[in-house]
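Residues per chain, in single letters:
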Amino acid sequence: LPFFHYADSAERDLNFAFYEDSLRYDAFNADVSQPALIFQGLHDASVDHRTVEAFAKTRPNVTLSLLDDDHQLIASLPRMWHDIAPFLGLEE
C-alpha cells in the first residue's frame, strides 16, 4: 500500500507484512521502565494523540508533551529542544 514518507516527501509502498508484523505486539501491555519523553502533535493525521495519551497515562516514567503541531512537528522543534535538553541532562 502507498503511504506518505515524510523524510522523502513522497509516497512509498509499504509491504503488507509490516502491518502483519505489527499485530504481534501490544504497546499497551509493553513493560516500559526507562524514562521516556514523548512529543505528540495535536493535529497529527497519522497518530491520534488520544492513543498516545492513553499509553502515557498509565506509565509514571513517561512524560507526554502535546504540541499544537502535525506529524512532522517542525513548528515545535525549538520547544522540543527546550524540553529535551534537561531531560537528557544537557542544561548549561
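See the structure above.
Residues numbered from 1 in each chain as written. Predicted model: local features only at pLDDT ≥ 70, side-chain atom pairs only at ≥ 80, totals over all residues. Heavy atoms only, no water.

K.L.:
Can you walk me through helix H2 (residues 49–57) in this structure?
P.N.:
A turn of α-helix holds 3.6 residues, and therefore any two residues three or four places apart point the same way. Buried residues of H2: Val52, Phe55 and Ala56, and no others. All buried residues of H2 fall inside an arc of 90 degrees around its axis, so they share one side. With respect to the buried face of H2, the exposed residues turned more than 90 degrees away are Arg50 and Lys57. Looking at the packing, one finds that the buried side of H2 touches strand S3 (36–41) and strand S4 (62–67). (Buried < 20%, exposed > 50% of the residue type's maximum accessible area, 1.4 Å probe, protein only. Helix = DSSP H or I, 4+ residues; strand = E, 2+ residues; numbered from the N terminus. Arc of directions from axis to C-beta. Contact = heavy atoms within 4.5 Å.)

K.L.:
Please explain the environment of Leu42 as it appears in this structure.
P.N.:
Topologically, Leu42 is positioned in the loop between S3 and H2. For the pair Leu42 and Asp69, spaced 27 residues apart in the sequence, the C-alpha separation amounts to 5.9 Å. Ignoring any residue separated from it by four or fewer positions in sequence, one finds Leu42 in contact with His49, Leu66, Leu67, Asp68 and Asp69.

K.L.:
Help me understand the environment of Ala56, please; the structure alone is not making it clear to me.
P.N.:
With respect to the helices, strands and loops of the structure, Ala56 is situated in helix H2. A sequence separation of 27 residues divides Ala56 from Asn29, and the C-alpha atoms of the two residues are 12 Å apart. Residues in contact with Ala56, not counting those within four places in the same chain, are Val62 and Leu64.

K.L.:
Mind showing me how you'd approach helix H3 (residues 77–87) here?
P.N.:
Among the residues of H3, Met80, Asp83 and Ala85 are the ones counted as buried. Turning to H3, the residues buried within the fold contact S3 and S4. Just beyond H3, the residue with positive phi is Gly89, at close to 75 degrees.

K.L.:
Explanation requested: the packing of aromatic side chains in the structure shown.
P.N.:
For any pair of aromatic rings, the description rests on two quantities: the centre-to-centre distance and the angle between the ring planes. If you walk through the whole model with that rule in mind, you get 3 aromatic pairs. With 5.4 Å between their ring centres and 45 degrees between their planes, Phe16 and Tyr19 make a pair best called tilted. Placement of the pair is Phe16 and Tyr19 together in helix H1 (residues 16–22), with a separation of 3 residues, close to one helical turn. Residue class for Tyr19 comes out partly exposed when judged on its relative accessible area of 44%. Their ring planes at 70 degrees and their centres at 6.3 Å tell us that Phe28 and Phe55 sit as a pair that is edge-to-face. Of the two residues, Phe28 sits in the loop between H1 and S3 while Phe55 sits in helix H2, which places them 27 residues apart along the sequence. On the basis of relative accessible area, Phe28 is assigned to the partly exposed category, the value being 42%. A cation sits over an aromatic face here: Arg59 above Phe55, 4.0 Å from the ring centre. (Phe/Tyr/Trp six-rings, centres within 6.5 Å; stacked < 30°, edge-to-face > 60°. Lys NZ or Arg CZ within 6 Å of the ring centre and 35° of its normal.)

K.L.:
Any chance you could explain the environment of Ser46 here in plain terms?
P.N.:
Residue position: Ser46 is located in the loop between S3 and H2. Under the relative-accessibility criterion, Ser46 is labelled partly exposed at 47%. Measuring from C-alpha to C-alpha, the distance between Ser46 and Ile84 comes to 23 Å, with 38 residues separating the pair along the chain. When neighbours within four sequence positions are excluded, Ser46 is seen to be in contact with Tyr6 and His71.

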